[in-house]
Structure formats: structure tokens, C-alpha cells
Amino acid sequence: MEHSPGEGSNPSPTDQPSAPSDPPDQSPAAHTKPDPGSAGPPASPGAAGEALAVLISFGRRLLVLVPVYLAGAAGLSVGFVLFGLALYLGWRRVRDEKERSLRAARQLLDNEERLTAETLYMSHRELPAWVSFPDVEKAEWLNKIVAQVWPFLGQYMEKLLAETVAPAVRGSNPHLQTFTFTRVELGEKPLRIIGVKVHPGQKKEQILLDLNISYVGDLQIDVEVKKYFCKAGVKGMQLHGILRVILEPLMGDLPIVGAVSMFFIRRPTLDINWTGMTNLLDIPGLSSLSDTMIMDSIAAFLVLPNRLLVPLVPDLQDVAQLRSPLPRGIVRVHLLAARGLSSKDKYVKGLIEGKSDPYALVRLGTQTFCSRVIDEELNPQWGETYEVMVHEVPGQEIEVEVFDKDPDKDDFLGRMKLDVGKVLQAGVLDDWFPLQGGQGQVHLRLEWLSLLPGAEKLEQVLQWNRGVSSRPEPPSAAILVVYLDRAQDLPLKKGNKEPNPMVQLSIQDVTQESKAVYSTNSPVWEEAFRFFLQDPRSQELDVQVKDDSRALTLGTLTLPLARLLTAPDLTLDQWFQLSSSGLNSRLYMKLVMRILYLDSSEICFPAGPGAPGALGPDSESPQTGSSVDAPPRPCHTTPDSHFGTENVLRIHVLEAQDLIAKDRFLGGLVKGKSDPYVKLKLAGRTFRSRVVREDLNPRWNEVFEVIVTSIPGQELDVEVFDKDLDKDDFLGRCKVSLATVLNSGFLDEWLALEDVPSGRLHLRLERLTPRPTAAELEEVLQVNSLIQTQKSAELAAALLSVYLERAEDLPVRGEGTGALGSLSLALSELLAADHLCLDRWFTLNNGQGQVLLRAQLGILVSQHSGVEAHSHSYSPSSSSLSEEVELWGGLPHITASAPELRQRLTHSDSPSEAPAGPLGQVKLTVWYYSEERKLVSIVHSCRALRQNGRDPPDPYVSLLLLPDKNRGTKRKTSQKKRTLNPEFNERFEWELPLDEALKRKLDVSVKSNSSFMSRERELLGKVQLDLAEIDLSQGAARWYDLMDDKDKGSS
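- You'll find the protein chain entered in an unreviewed UniProt entry as Extended synaptotagmin-1, with Tupaia chinensis given as the organism.
- If you open the UniProt record of the protein chain and go to Sequence similarities (unreviewed entry), you find "Belongs to the extended synaptotagmin family."
- Regarding the protein chain, the relevant UniProt record gives this comment under Subunit (unreviewed entry): "Interacts with ESYT2 and ESYT3. Interacts with ADGRD1; inhibiting the G-protein-coupled receptor activity of ADGRD1. Interaction with ADGRD1 is abolished when cytosolic calcium increases, relieving ADGRD1 G-protein-coupled receptor activity. Interacts (phosphorylated form) with SLC2A4."

Structural data, given as C-alpha cells:
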């Protein structure tokens, strides 16, 4: 190899420490310069080599002329020669470029090794003690103390690992019962503290220190699992990072400091030299682990929100809060978009340049979120929102990394970092941030949410969240921190064995688990858990105390979170009695709730034009004395073009087939089935079906209704789960584009479940467009009553839309938070209006003030009414109405009652049929529901019943399916008090095939209680229907004359 002229004269950096004893210029010179004294013998081999090199070079040049000679001998044209020459030159150029790249890489590697060696050499030298930095101070005296304490710390670590860690490891896994530490040595190289930075504490009772630590140690820890003849260990470790030390609480007695908390704000650099790791991972129960997973777990254990707490005084109060304090705040990260990303995809071996499939990772400490992948896009639009807990300000950083999704290894596109202290100062930070290590920018909107210890602003926060478009999860209104302290007198296992209790805490679909405490029925956990809450008024905390095998439940507790809203400081700190447990079994917890409030001058809550502080149409202009006349008072509202254009999507979850079996018994030896249920997500709402036990081909036949708009890109997310006691197992998912259903109006398909080996789901989706006519309302109510199932709520018959524009002449509110007025609008008035719409000024009930609003009703007519059921009825319309009013501070409240629709029809359209007989009539609907194979009967009402005594009867209707007279076929309505024209509207079902139903008779009896103290029933009349003579496919409501019967005492 040829050497550059200066290569032999410069000493290697690694040889510099030994320069006095070994001059660096002697050894290289011996290799590059011949000795002048030895001129004879060495010269002959050199001359022969030069002659041979000349001959080889001359031979190569002759070989170049061989193709020309061959082409001429074969009679080929000059073009072939030129073509071959072009190929050769191209090949030579590619080869030269490769060699040039290799030389550059080799030179870069040599420079890197030289710089690394120089840096390591400089690190061995002690900087003078007077060298300091503006905000970081050197602490060489502290390093000397650590060096002297290091051997004694090793003795403590050996005792800690042998007496505390080893028993915990042996109890955590049955395969590790012979686990022992055979050697524990911290080595001779102590940890070094490079710099110390002191922060002003958030409170006067604490001191904050940041220690920049560096540990390159020669520690050696060996472990052995004798059962499997396995030996492994650690030989050498490196740890670099900034360790925050908090001294709190400061006290007036010795030792002045009550406890020391330590943690890494950001994930440190950790490198462990394992020995025998392959053998250790071959142990059953550990085979699923990997070296990377172990490293990640160790590093995450040291990072926020995890802390190491060392109490310095006995009986320290609030140890759990010191170990896991409340977050400083919440940062809501809106990952909006990116632009100008680099293209990483190449095709045809790099000849064709494609784009990228970008996705983003959002990280703060151990909290990590991954966005969805946008295919083939250099300017992706994500529009996703995440919420992260911030524990330390300053210090913690929000990091966003952008990658290109690839089948093998994802390509890095760039990253950005931002200290959360800037978000705290700004309140709301909306900007494009450049990506480091790549090209392009990422668009983030960061909002700082303060933690409020009171529930006064909860309604305002919930109202604001309803208008926030957030995915994949809805925005949170509060957080809950659960400090799990201890339990007492838990029940024992079989054979009076001590349990190994652990706790599962669940809020909706989020479940967290505590550690297991072994061999005790009075465990002490001292752990903290954090939950985000969407609506604490309706959510519950489910607590289950179990044995570590998860098979035995030691106690349960269900706590409505609404209790915290009325508690002082939103805190409960007490013992809780466990159910399904022992008589004295109880659990001590401290629950702290905080409301998430966005306090920024840049963000204001939506307010109507008539909100307090807004100028009304008759109020004075700020420009006093203006010659411009006030605008005239409007007579009608002016809603935008999108008002009233919503549709209702009716989602019918029918059945599933070939689901995978997830249940296992006897430790997995016996394979069971699954307990499936379906979860639906659409338009910010989540629905969940009932659980079908032990069935891989379940039938739900449930219907869910949701109000949808025509915004493009919406999807119905459907997931199937297996219900378990701890964590529900995933059985598959599928997605349906909302645009497909809205365009076609109807979809009935079997959808294959994704991400699972087998399974499919039968869905029926129908778009219901509101119609501004009441002509079909009776038919809609009739159809809804026929297809209604007992497992669902009443189906929606109409959609109510309300636009609230302004208010005038409202009273001046004094002290207090009372309402300024209210308004009740009967739906019967809407049904009588033209196009089912009212648009005018309404006077409030108290006579003070008016509101201008538009209320319009749309009848939901199903074009595919074979089978659809289950809804939220009219509650969304009513709730949305009240929500619109609440937006401007609780002015008027407009209430609407859905049953008025049915009552209006019942009382307004009196039938023009034959008059009732002497005993009266009963109105019935008899129908066979072929989809569910059920006979359905609806008892609507009775009229003109006979009055035998002085007082009107208390009627009810009894139905019996003959010829069976047992209680299995008997049905009975509720009892109405003192009326001759009772209204029931109750539905009854019998499961039997159609051919069997045609052989039956339906006996209908109208009865009344004779007296309060008597069991005797007075028969007011009866009718017997032969089902073979009735068209069961129509389901029409009819009046039937009641007949007399001699057997009046029958029941």
C-alpha cells in the first residue's frame, strides 16, 4: 500500500502518552525509508520488480487492441468497436467512483478514530478547579467523595440484591425459583459528576439539582439459575445523562431534608455488556424477551414519571405523593401536517425516484404516540391530537421524529425538539418547526392545560371539548391520579394459603395494573396511576384485587367519579370497603382529580351573538353620535347553508362467524371459545354491543344510530373483542367509508375482519334523511315499534335541529348563577307548522327577554325497514338543543319531549272506524318478525271500557298464547289507574317458528283489580285471535271489540 508523505511522520494520537519513552518518528521511518548503508543486496529485487511492472503494463495495453483486431478479422463495422469501448469506459467510471467513495469512507473512519482517541485522552486529564461555566458548576470535591464512598456502596448493593431483589425475582416467575446472585462487584471506576446546576425550586420547601453524570464502569454482576444450569451476568456498563435530584420536604429539624427524589428527565444513554444473555433467554417464560426489550425496560425505569425516592426520616407523610406527584400540567399536541419532506422511496434499483410514506412519533419522556401512515406523500396531513403529562418544567422536551414507512427498516426523515417551558410561557404555540437531520418542516399546535382543583369550570371545558375535532381519541376534560396505598384482611386462597395480591384499575377501556406483593393478605403497594377522563360526570373507576395468576378475584370496587366532583379539593383520601370479598377486607386509596383548563388569551370559548358582552341589535354603538342608523330588527334567523343538512346513520350489528377462540382453561391445556362484543366508533362517538357468552358465531341484532355530516374522509371503525376479567382480547377490526353509505343510502355486507386469521362480521347500514312532512310519521312510529327489540332503546322517529341566533331584553343578572330565563317548546306545535319548522322570536317564560331561534323537525323514514333497531332515541336532539343554548352562558333552556310525537298522533287522528261495542275495544298489532323468528304483539291502547262500579277501573291487558296456558307464554302489561281509555304502547315477544305460530291462538284479556286487599281480577272483556287467519307479514294496528266471558275470576 502506498503511503502519503506525511503519514509516517505524524504520531498516532493513541501513542502520545508514551511519547517520552518511544519517539514516534523512529518506527514509521523504519518502514518508509531504506537504510543508506545497505546499498548492495536490496537493490536487485527492486530493479527486477520494476521491470516486471513495465512488462505487465505493456501487456495490458496490447490486450486493449485485441477486440479491434478481432472486429476487423470478423468484418464487423466500427460501430461495434465504439459500442464496446463505451461499455468499457462506463464500467471503468463506475468502478472509479466506488473506489473514490471507499477511500473517502476510509479517510473519514481514520479521522473519527483519531478524534475519538484525542477526546478520550483529554477526558483523562483533570481540568483546573477554577474552570467553570455560566450555569453549570464543576464539583470535583463531590467526585472525590463518591470515589471514597464507592467501595462501601458496593457492599450495600450486594446486600440489597441478595436480600431484596433476588427474592422478588424468584417469586415473580416459577421458572426462576433457583435464581441467585453469585457475584456482585461495582469495580474500581466510580461514577463521575461532570457538572451541577441548581434551579430555583417551584416551592420554598424543595431544592432542585441537575447532575450531569457519566459512568463508564467495570462492574461485574453474575447470576445463576441452577434449575436450568444457566449462568449470565453483566460485565461493564456505560450510563450518561442528566439526573435530577429533588430535596424535599425541607424541615426545621434534623436532618433538614425529609427525602431525596432522583430521576432522569430524558432517557439516558445506557449500554450494558451482557454475558450469557443467550442462555438466560432460553429459559421458559423469558424466551419472548430480547436484549433490546431489556435495555428499553431498564432505561424507562429511570425516566419520568418513574422516580427513586429515599426517605431520610421515619414516618414521612405523603410518601406516595412524593414518589408520584401531580403533573405540572398537560400539553395537548396537535400534530397537524408536514411539508417539504425528503423522498426516500426508490424504484428500479434507484433509477426512478418516488416519494415517501411518512408517519410521526411524538415523545415526551416515556410517553410515546405514533401517527398513522400517509402513503406516497411529501406534504402529509395528519390532523391528530395527543395529550401528554408534564412533570418537570424546565427540563422535559417534546420530541417529534418523522419516518418513512418501509417493509424492512423505516427511513429517518428528521426530528424536532422543544422545551415544554416555551409552551408554558406561550399558553398556545402554533408554528412550523424545521426538522433537524433532514429536510422539511412539521406543523404543531401545542396547548398548555392547567390543572384546576375545583369543578367550577367543568361545564365550560366539556362544552369546549364538544367542538374540538380530535382523533384518534376525544379530548380529555380532567385527569385522575390514584394513589394505591394498601389493603387489609384480604381473603386467603384455597388451603389457607397467603395470596399474592395485585390490583387492576380500569376506566372504560383503559386498564392499569399494580405490582404483585407476594405471600400476604395485607399488602402495601404505594403506587400511583394516572388516567385521562373525557367526562368525569358519567365515568366510573373499576378496581379489582386479584391474585397474581389473575384467576382468583380477592375483591372488587366500583366508584363513580362524580363523587369526586363534590369532594373538597376534588380529593378522596379514605378506606374503601371491598365487595365480593371478606367482611373486613378494605382498600386504602387517595384519589385526586384535576380539571384541564386552557387559559389563553388567544383562545376564547364560542359565544353566540347575544352573549353577555356582545352588542345586540338595539344596543348603542361604541361610536357615540354616529349618524348611521341602527339596523332593523330581523324577523327570521339566518343560519348557514349547512344547517339542517345532517343525516342519521342507522348501524345494524347483526352477527359474526368464524371468530377466533381466545379463552383458555387449565393453564392453556383446554381450549375454550370467546365472549365477543362489538365496539363502534364514528363521528366522535363510541358504541358497544352486549356480550354474547361462549359463542364463535354470535348473533347480536342490535342497532345504533348516530347523527352524521357529509364531511369527507370519515370512517366507521368496527372492532370485535373477547370479554375477559382483566384485559379484553382483540378479535379483529374492519372499516367502512362513510361516503360509500351516504352516496348509496344502504349497505348490507359481510365484512372480513382484519389483523386476525379468521372471522367476518355482518353489518347493515342505512342513511336516514330527515323529511319535512308529518304525513309519514304514523307509519314511521308503527314500523319502529315493530322492528324494536327488547335489547335496545326506542328508535328515533325524527331529528330535531335548532339554530339559536340572538336574544334581546334579557334581565340584568345580579349576584349568583341563576338562569336568565327558560323556554318550553311543545313538539306538537312543530308538527302543526308548515314544513315542520318554526322560525321567529319566542318570549321567555318569565316574560323578560326574547330569543330568536329556528327549530325544524325532520321525519326519519326508512326505505329498508326489514331489520333495524337500537338507538339513542331523541336524546341527541334534545341534548344538542340544550348544548347550543348552554354555549352562551345558560340563557334560555329549550326542552323537547320525544313521546309527544306519539301522544299527538294518538289524540289527534281519532279513527273513523265503527264505534266501540258495549264492552269497549282494544288496539293491537300482531306481526311475525322473520329476521329474529319471533312473534311480536304490541298492545297500544283501549277505549270505551265498561265501568261496573262507582269508580273507573284500573285496567291492564293479559296475553296468553294458546293452547299453552303455562307462565312461559303469558305476558302482561302495566296497570293504569282509574281510566276507561288507557294507553299502554307495550311490546311482547314469543320465540317460535312461523309454522308453529300459525297453529296458535292469541287470547287477549282486559282486566282490573277488584279491590286493594283482594287477589281477584275483574274481567272487563276479552278477544281471541286465530293467528292463521291474520296476515302476520303486514303488522297493521287494528281495533278489536271486547267480548264477555263467564269465567270472570280467571287470571
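## A look at the nonpolar core
In summary, soluble globular proteins display a tendency toward joint burial of nonpolar side chains.
Alright, step 1. Leu480, Leu505, Leu541, Met589, Leu591 and Met593 are the most contacted members of the largest nonpolar core, which totals 38 residues.
Alright, step 2. Considering every element that reaches this core, the biggest residue donor is strand E25 (residues 586-598), with six residues.
Alright, step 3. When sequence neighbours within four positions are dropped, the list of residues in contact with Met593 reads Ala478, Ile479, Leu480, Leu533, Pro536, Leu561, Leu564, Leu565, Asp569 and Leu570.
Alright, step 4. Ala656, Cys734, Val741 and Val756 belong to the second-largest nonpolar core, a separate cluster that totals 31 residues.

## Digging into the pairing of strand E13 (residues 381-390)
Alright, step 1. With eight of ten residues buried, E13 is to be regarded as a mostly interior element.
Alright, step 2. In the sheet, strand E8 (residues 329-339) pairs with E13 via eight bridges, with the strands oriented antiparallel. From the neighbouring strand, Arg332 faces E13, where its bridge partner is Glu387.

## Notes on the environment of Arg733
Alright, step 1. Positionally, Arg733 belongs in strand E33 (residues 729-737).
Alright, step 2. Placed 54 residues apart in sequence, Arg733 and Lys679 show a C-alpha to C-alpha distance of 9.4 Å.
Alright, step 3. Setting aside residues up to four positions removed in sequence, Arg733 forms contacts with Val718, Glu719, Ala752, Leu753, Glu754 and Asp755.
Alright, step 4. At a separation of 3.2 Å, a polar atom in the side chain of Arg733 contacts the side chain of Glu719.
Alright, step 5. A distance of 2.6 Å separates a polar atom in the side chain of Arg733 from a polar atom in the side chain of Asp755.

## A word on the sheet that holds strand E47 (residues 1001-1009)
Picture the strands of a sheet paired through backbone hydrogen bonds; they go either parallel or antiparallel.
Alright, step 1. Across the sheet, which stays open at both edges, the four strands sit in the order E45-E44-E47-E48 with antiparallel pairing between neighbours. Across the chains shown, the open sheet's two edge strands, defined by having one partner strand only, are strand E45 (970-972) and strand E48 (1017-1026). Neighbouring strand axes in the sheet, compared pairwise and without regard to direction, differ in orientation by 20° on average.
Alright, step 2. Bridge count between strand E44 (residues 955-962) and E45: three bridges; the pairing is antiparallel.

## Observations concerning unusual backbone geometry
Negative phi values dominate among residues other than glycine, just as trans dominates among peptide bonds.
Alright, step 1. The linkage connecting Leu254 with the following residue, Pro255, adopts the cis geometry, with an omega of 5°.
Alright, step 2. Assignment of secondary structure puts Pro255 in the loop between strand E4 (230-247) and strand E5 (259-264).
Alright, step 3. That bond from Leu962 to Pro963 is cis: its omega, 10°, falls within 30 degrees of zero.
Alright, step 4. Even without a glycine there, the phi angle at Glu376 is positive, about 50°.

Parameters at a glance
- Residues numbered from 1 in each chain as written.
- Predicted model: local features only at pLDDT ≥ 70, side-chain atom pairs only at ≥ 80, totals over all residues.
- Heavy atoms only, no water.
- UniProt positions renumbered as here; feature names shortened; annotations may be inferred.
- Core = buried A, V, L, I, M, F, W, Y, C linked by side-chain atoms within 4.5 Å.
- Buried < 20%, exposed > 50% of the residue type's maximum accessible area, 1.4 Å probe, protein only.
- Helix = DSSP H or I, 4+ residues; strand = E, 2+ residues; numbered from the N terminus.
- Contact = heavy atoms within 4.5 Å.
- Pairing = 2+ DSSP bridges.
- Polar contact = N/O pair within 3.5 Å; in protein donor to acceptor, adjacent residues only side chain to side chain.
- Axes fitted to C-alpha atoms, helices over the stretch in contact; angles between N-to-C directions.

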